[in-house]
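Each chain, written out:
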Amino acid sequence: MSVTTEEIIEEFETFGIDVQSDSILSRCLDLCSRYDLAADQLAASWLGFAATKSLDDMSLELLSDFEREQLSKKKTSTNPFASTKGPCYPASFIDELMAHEDIIVSYGASPIASKVANSRQASCSPATPVSKFNEKNGRPPSTPPSRRLTASHHLYLSPSVAVPSERYSTRNNSGAVVSTYISQGTAAPDFTTKDWTANMELPIEVQVTSMQNCRGRLMFEKLRESAAIADDVIMHMAEQLEPAFGGAGCWGPMDTPSNEAINCVGRVCCDSVGKLNAASVLLEGSRELSGAVMLPLDLSKLDSYALFPGQVIGVSGVNSTGNLLVVEKLIAGRVPELPEHPISLKGTLEIVIASGPFTTSDNLLYEPLQDLLDTIAKSPPHVLVLLGPVLDASHPLLSEGSVNETFQAVVNRAISSVTNALSKCNTKIFIVSSSRDVTASCVYPTPPLSAPVSPRLTLVSDPSLLVIDGVVIAVTAQDVIMDIGKEELAYPSQQGDRIHRLVHHVLAQQSLYPVYPSPDHVAVSPSLLQAHASLNFKPHILVVPSDLRNFVKNVFDCVVVNPERLCKGKSGGCYARLEIIPPSENNASVPEVEAAVYRV
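Predicted model only: the values in this text are computed from it and were never measured. (Residues numbered from 1 in each chain as written. Predicted model: local features only at pLDDT ≥ 70, side-chain atom pairs only at ≥ 80, totals over all residues. Heavy atoms only, no water.)

**A word on the sheet that holds strand E15 (residues 471–475)**
Note: strands within a sheet are paired through backbone hydrogen bonds, in either parallel or antiparallel orientation.
No. 1: Spatial ordering of the open sheet is given by E2-E14-E15-E18-E20-E19, a layout of six strands whose pairing is mixed. The open sheet has two edge strands, strand E2 (206–210) and strand E19 (551–555), and neither has a second partner. Here the average twist between neighbouring strands, direction ignored, is 20°.
No. 2: The strands touched by helix H16 (residues 498–508) within the sheet are strand E18 (541–543), E19 and strand E20 (558–562), with E19 carrying the most contacts at an inclination of about 60°. (Pairing = 2+ DSSP bridges. Helix = DSSP H or I, 4+ residues; strand = E, 2+ residues; numbered from the N terminus. Axes fitted to C-alpha atoms, helices over the stretch in contact; angles between N-to-C directions. Contact = heavy atoms within 4.5 Å.)

**Some thoughts on the confidence of the model for the protein**
No. 1: When pLDDT is averaged along the protein, the result is 85, and 84% of the positions lie at 70 or above.
No. 2: Counting contacts from residues 78–86, a segment whose pLDDT is below 50, to residues more than four positions away or on other chains yields one contact. (pLDDT = per-residue confidence, 0-100.)

**Things to note about the side chain of Ser 435**
No. 1: Within the element layout of this structure, Ser 435 appears in the loop between strand E11 (428–432) and strand E12 (443–444).
No. 2: For Ser 435, a relative accessible area of 14% translates into the label buried.
No. 3: Of the polar contacts made by the side chain of Ser 435, one reaches the side chain of Gln 478; its length is 3.3 Å.
No. 4: The contact partners of Ser 435, leaving out residues within four places of it in the chain, are Ser 441, Cys 442, Val 443, Thr 446 and Gln 478. (Buried < 20%, exposed > 50% of the residue type's maximum accessible area, 1.4 Å probe, protein only. Polar contact = N/O pair within 3.5 Å; in protein donor to acceptor, adjacent residues only side chain to side chain.)

**Focus: the pairing of strand E10 (residues 383–387)**
No. 1: E10 sits mainly inside the fold: five of its five residues count as buried.
No. 2: Here E10 shows no split at all, with Val 383, Val 385 and Leu 387 on one side and Leu 384 and Leu 386 on the other all buried.
No. 3: Taken together, the five bridges between strand E9 (residues 349–355) and E10 define a ladder with parallel strand orientation. Its bridge partner lying in E10, Ala 354 is registered against Leu 386.

**A closer look at the state of the cysteines**
No. 1: This model, assessed by the stated rule, comprises zero disulfides.
No. 2: Here Cys 250 stays unpaired: no disulfide links it, and the sulfur of Cys 264, its closest cysteine neighbor, is 9.9 Å away.
No. 3: No disulfide involves Cys 270; its sulfur sits 8.8 Å from the nearest other cysteine sulfur, which is in Cys 269. (Disulfide = S-S within 2.5 Å.)

**Quick look at the sheet that holds strand E3 (residues 258–270)**
No. 1: If you trace the five strands once around the closed barrel, you get E3-E4-E5-E8-E7, paired in mixed fashion. For this sheet the average axis-to-axis angle between neighbouring strands, irrespective of direction, equals 55°.
No. 2: Pairing between E3 and strand E7 (residues 312–319): seven bridges, direction antiparallel. Opposite Ser 258, over in E7, you have Asn 319 as the bridge partner.
No. 3: Across the sheet, helix H10 (residues 223–241) touches E3, strand E4 (281–285), E7 and strand E8 (325–331), and the angle it forms with E3 is around 130°.

**Points about the nonpolar core**
No. 1: One finds Tyr 366, Leu 372, Leu 384, Leu 386, Ile 431 and Tyr 575 to be the most contacted residues of the largest nonpolar core, which totals 38 residues.
No. 2: Those elements that provide at least two residues to this core are E9, helix H12 (367–378), E10, helix H13 (396–400), helix H14 (407–421), E11 and strand E24 (592–599).
No. 3: When residues in this core are grouped by element, the largest group, five residues, is from H14.
No. 4: Beyond its immediate stretch of four places on either side in the chain, Tyr 575 contacts Val 352, Ile 353, Ala 354, Leu 372, Thr 375, Pro 563, Leu 566, Ala 596, Val 597, Tyr 598, Arg 599 and Val 600. (Core = buried A, V, L, I, M, F, W, Y, C linked by side-chain atoms within 4.5 Å.)

**What about the environment of Val 206?**
No. 1: Its place among the elements puts Val 206 in strand E2.
No. 2: Remark: the alpha-carbon pair of Val 206 and Val 467, spanning 261 residues in sequence, is separated by 5.6 Å.
No. 3: Filtering out sequence-adjacent residues up to four positions away, Val 206 remains in contact with Lys 428, Phe 430, Val 467 and Ile 468.

Listed below in structure tokens is the structure:
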């Protein structure tokens, strides 16, 4: 590398070092030539050396020390990349490998690149046959055609994520019926052989109540705003519970000492870090009724109760000291009424519901989703509801960094596979987002996903309301049943159907996520929750997918469906099929429902 004395003087002057001695300049030129350094590199190296040694000037002796301690070590240090000697192959061998589409496609190349490689190989005349080169160098032959990836959704996946799941492919319970439900008074069909094919000539109208595309305000809400929202929730429930405690004006301040029974309303809180227990139950009142005070509750006089943090309850009891309320009566919320609008359904409505994850934990081939779509194509429904996550943020391959494309590209491909598989059907498709989706907002409620537009595809938020000819279906992808179950304090522990009780909490609190504070894995925005997750009326059908075992139950004339997950680890999961029949004349507000949960 050619370096001049003027360049050396200029670079050293940049750092405030004056180099005018001819002997020093000659030595610097020698170092640049010997170690192939530019003037700026030499000056920077010397500055680091001088700072380490606390040197103020430059001399020939110091330059010799500088060469011995710094430059010579850099030259003799081992470069792990430069020292690694790999085998060298002729161009004919590379061209022969690229001629096989299965090899370059399986490593992420597009089919266009494969055609370019084939044309390049055709224009070359190899001097050494590949077979001889492999035999000479001990190289194995190229991948046989029988092992090529032929599925279209495999093309852009690396081999680490395109290997079919052996455990899923060897399952032997596909199509098995695991849960059933029929409305009271309806003859039970054989769900194993039942024909779920929809009458596509039946006109249906679907109205969607969904949050628009907006960014969650998590951590940007003022404390005063959050407190006002929490207070509004208590006051709303106070109005709902007034008839059970004597009517308007029945509520009193909870911290005023009195030997007579008083009525109070507030939110259940826990005064400890762990799970709620009988000795740690607090009641937080509203600012308007009780000055937002917290008071411990004595529940020893109650025969039974079921409480969880965030639950708004009404209590009646005695507070003789002003510091402890001995509860004699407790009402945990109120289940709202069914919507007043009539059901205009003219025929039998077929619905399929499935909840993500939609691919096994060892690949991103979406095999369970493809199997579900193949089943649906044979007997298409009127409506297909898919609840996220479409691509779970906790998927092992994502955390390992094994995906060689953007997350949005994976989601787009999965959603496109749904629309393409049902292109010949007239099924309306609704995809509900999830805070677990890697491409979605991590805040609950969650805005809709982003994906290519399709005429029969609607992307909705989590949660959402679907009104199909007057039949109200509330859906949420959040596992609210599991979260309430983990926090619930129930006495006695065995008091009937636990699932029925957990679902009752959701309906009675008139919210699709009443847990407060939320668990660590759920980031809840109070303002969005109040605006988009409130249940001002009871839906006809409530869809609450959960990691708990699948079920279909009737809870206060509301059919609650838990289709479980379409995938559970490396194994296949379940999905649900519903048949909604117009209501009878005796009960015009409640439709008849037949439902079954199947193994995928």
